[in-house]
Amino acid sequence: MRIDVLTIFPGYFAGPLDTSLVATARARGAVDVRLHDLRDWTTDRHRSVDDAPYGGGAGMVMRGDVLVAAAESVWNDLPPSATVGTAGAPADVGGAPPRYVAGGARPRTVVFTPRGRPLTQALVRELADEDRLVLVCGRYEGIDERVHELVATDEVSLGDYVLMGGEVAAAAMVEAVVRLLPGVLGNAASAAEESFEGGLLEHPLYTRPPELRGRTVPPVLTSGDHAAVAAWRRARAEERTRAVRPDLLDGTGGAGPEEV
Ligand code: SAM
């Protein structure tokens, strides 16, 4: 899979991309993550990606011309110079029409916004099946509405709160998607048994020591009876889900069984 990230802070991703299983997946070629600095598509000497909102009001808005040009470059593997300043028309690439154009056919492109579809395990599974993802990180007061219309195939929210930018949402999506790619997790069964799979939260986990500050491990887990262990885990998962996330059981939240 290839993932392109459009951001004004490519440096933000140094930690998340170079740590643990994501770093290993990249090194093994399971995923190719490419970071793009949106300022490479600006036209003025200050490299401005934002401007004052039409109609007035607080804050600045991310410019649509910069974001559309950046998306068309990345979608078509063109250098920034080919699409900078194309607010009025798609890039002219030597007479050949670009394969992907804003408002037309385009790879799966996620624009992060608090108004988007919540990032659930069901959506992560859907995205993990794609060959390509393009992730667009907003900043400031948000992004010119025409980018949502012309560039996004998906609008995604990390949750019901406001972040300063889309980078943390993009990093979360990359990590959640990459761990589902073939060969990334050492044990494929661990992904299938985790929270949200089958519409349940995960059962409690225990490891050594057998006693911790007076608390012991449930005896069934050391009984060696695999069927009893499985039944205990299922019961605890249902109990926990009913207590803290009943919406997962009634199919109104998360990745219900019919969705995965
Ligand atoms: N004014 C916007 C609003 O009220 O919805 C919030 C803008 S926020 C300060 C700047 C950028 O951060 C957004 O364009 C978006 O890309 C990102 N962002 C903020 N909260 C987010 C969330 N919950 N999920 C995904 N992206 C978010």
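Everything numeric here is computed off the predicted structure, so don't read it as measured data.

Moving on to helix H5 (residues 121-128). Among the eight residues that make up H5, six are buried, leaving the element largely enclosed by the rest of the structure. Among the residues of H5, Gln121, Ala122, Leu123, Val124, Leu127 and Ala128 are the ones counted as buried. Buried residues belonging to H5 abut strand S5 (109-118), strand S6 (132-136), strand S7 (154-157) and helix H7 (167-178).

With twelve residues, H7 should cover 16 Å at 1.5 Å per step; its first-to-last C-alpha distance of 16 Å lies within 8% of that length. In terms of burial, H7 is largely enclosed, as nine of its twelve residues are buried.

This part is about the domain arrangement of the protein. Once the domains are mapped, the protein shows domain 1 (2-178) and domain 2 (193-259). Here the C-alpha centroids of domain 1 and domain 2 sit 37 Å apart.

Here we take up the packing of H5 against H7. Relative orientation of the contacting elements H5 and H7 amounts to 70°, with a least axis distance of 9 Å. The angle between H5 and H7 places the two elements in the roughly perpendicular class. Crossing hand, H5 versus H7: right-handed. Here Val124, Leu127 and Ala128 of H5 lie close against H7, whose contacting residues are Met173, Ala176 and Val177. Partitioned by chemical class, the residues of the contact of H5 with H7 number six nonpolar, no polar and no charged.

It is worth spelling out the packing of aromatic side chains at this point. Enumeration over the complete set of coordinates arrives at one aromatic pair. A ring pair is formed by Tyr12 and Phe13, whose centres lie 5.4 Å apart and whose planes are at 75°; its orientation type is edge-to-face.

A few words on a nonpolar patch on the surface. A cluster of nonpolar side chains, contributed by Phe9, Tyr12, Tyr161, Leu163 and Val168, occupies part of the molecular surface with about 440 Å² of accessible area. In this structure, Phe9 sits in the loop between strand S1 (2-7) and helix H1 (14-17). On the basis of relative accessibility, which here comes to 39%, the residue Phe9 falls in the partly exposed class.

Rules of the game
Residues numbered from 1 in each chain as written. Predicted model: local features only at pLDDT ≥ 70, side-chain atom pairs only at ≥ 80, totals over all residues. Heavy atoms only, no water. Buried < 20%, exposed > 50% of the residue type's maximum accessible area, 1.4 Å probe, protein only. Helix = DSSP H or I, 4+ residues; strand = E, 2+ residues; numbered from the N terminus. Contact = heavy atoms within 4.5 Å. Expected span 1.5 Å × (residues − 1). Domains from an automatic or database assignment. Axes fitted to C-alpha atoms, helices over the stretch in contact; angles between N-to-C directions. Parallel < 35°, antiparallel > 145°, perpendicular 65-115°, else oblique. Left-handed = near helix turned anticlockwise from the far one by under 90°. Nonpolar A, V, L, I, M, F, W, Y, C, P; charged D, E, K, R; others polar. Phe/Tyr/Trp six-rings, centres within 6.5 Å; stacked < 30°, edge-to-face > 60°. Patch = residues over 30% accessible without salt bridge, like charges linked within 9 Å, V, L, I, M, F, W, Y side chains within 5 Å. Areas by Shrake-Rupley, 256 points an atom, 1.4 Å probe, with all protein chains shown as cover. Salt bridge = Lys/Arg side-chain N within 4 Å of Asp/Glu carboxyl O.

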